[in-house]
Amino acid sequence: MAGCAHCGHPLDIIANQVGRGDRCPHCEEDIRSCRNCRHYDATLAKECKEPFAEVPSDKDGANFCELFQVGEGGLHQKASRDAMLSAAEALFRKK
């Protein structure tokens, strides 16, 4: 199920129908933003898995990207970030 990348609140979205002006009913953040897209990946240089995407500088604001597909949002981004932080801490932990 799709979730807001900002607050993790579940979103009732059917068939990827997200308009540019749609906002999360819980936190009022833009839904059609890079951080809510399934192609968003904070570990990449452009933070987008799509090689031909014109990536906007504002990853939180609404945009007109034709490649947008609603993703898991905050529900998987937080877990991914926490896993990366744990791995980095383990790597640089003093012995």
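Residues numbered from 1 in each chain as written. Predicted model: local features only at pLDDT ≥ 70, side-chain atom pairs only at ≥ 80, totals over all residues. Heavy atoms only, no water.

> Looking at this structure, how should I read the overall build of the protein chain?
Helix and strand content of the protein chain: 1 helix and 0 strands. Buried residues in the protein chain amount to 32% of all 95 residues. Considering only intrachain contacts with a sequence separation of at least 6, the fraction spanning at least 24 residues in the protein chain is 54%. For the protein chain, the exposed area adds up to about 6,500 Å²; of that, 53% sits on carbon and sulfur atoms. (Helix = DSSP H or I, 4+ residues; strand = E, 2+ residues; numbered from the N terminus. Buried < 20%, exposed > 50% of the residue type's maximum accessible area, 1.4 Å probe, protein only. Contact = heavy atoms within 4.5 Å. Areas by Shrake-Rupley, 256 points an atom, 1.4 Å probe, with all protein chains shown as cover.)

> Which parts of the structure should I look at to understand the side chain of S33?
For S33, the location among the structural elements is in the segment before α1 (74-91). In this structure S33 comes out as buried when scored by relative accessible area, which is 0%.

> Would you mind going over unusual backbone geometry with me for this structure?
Not every positive phi belongs to a glycine, and E28 is a case in point at roughly 70°. Mapped onto the elements, E28 comes out in the segment before α1. Take E28: its relative accessible area is 47%, and that puts it in the partly exposed class.

> What exactly am I supposed to notice about the environment of C4 here?
With respect to the helices and strands, C4 occurs in the segment before α1. What makes C4 buried here is its relative accessible area of 1%. Placed 68 residues apart in sequence, C4 and E72 show a C-alpha to C-alpha distance of 7.5 Å.

> Mind showing me how you'd approach the pattern of salt bridges here?
Pairs can form between side chains of opposite charge whenever their charged atoms are close. Within the structure shown, the criterion is met by 2 salt bridges. Between R23 and D30 there is a salt bridge, with its nearest N and O atoms 3.5 Å apart. Salt-bridge contacts for R35 lead to D60; the nearest nitrogen and oxygen are separated by 2.6 Å. Note that R35 is positioned in the segment before α1 and D60 in the segment before α1, a separation of 25 residues in sequence. (Salt bridge = Lys/Arg side-chain N within 4 Å of Asp/Glu carboxyl O.)

> Help me understand the environment of G21 in this model?
Relative to the helices and strands, G21 is located in the segment before α1. Note: C-alpha distance between G21 and N63 (42 residues apart in sequence) is 9.3 Å.

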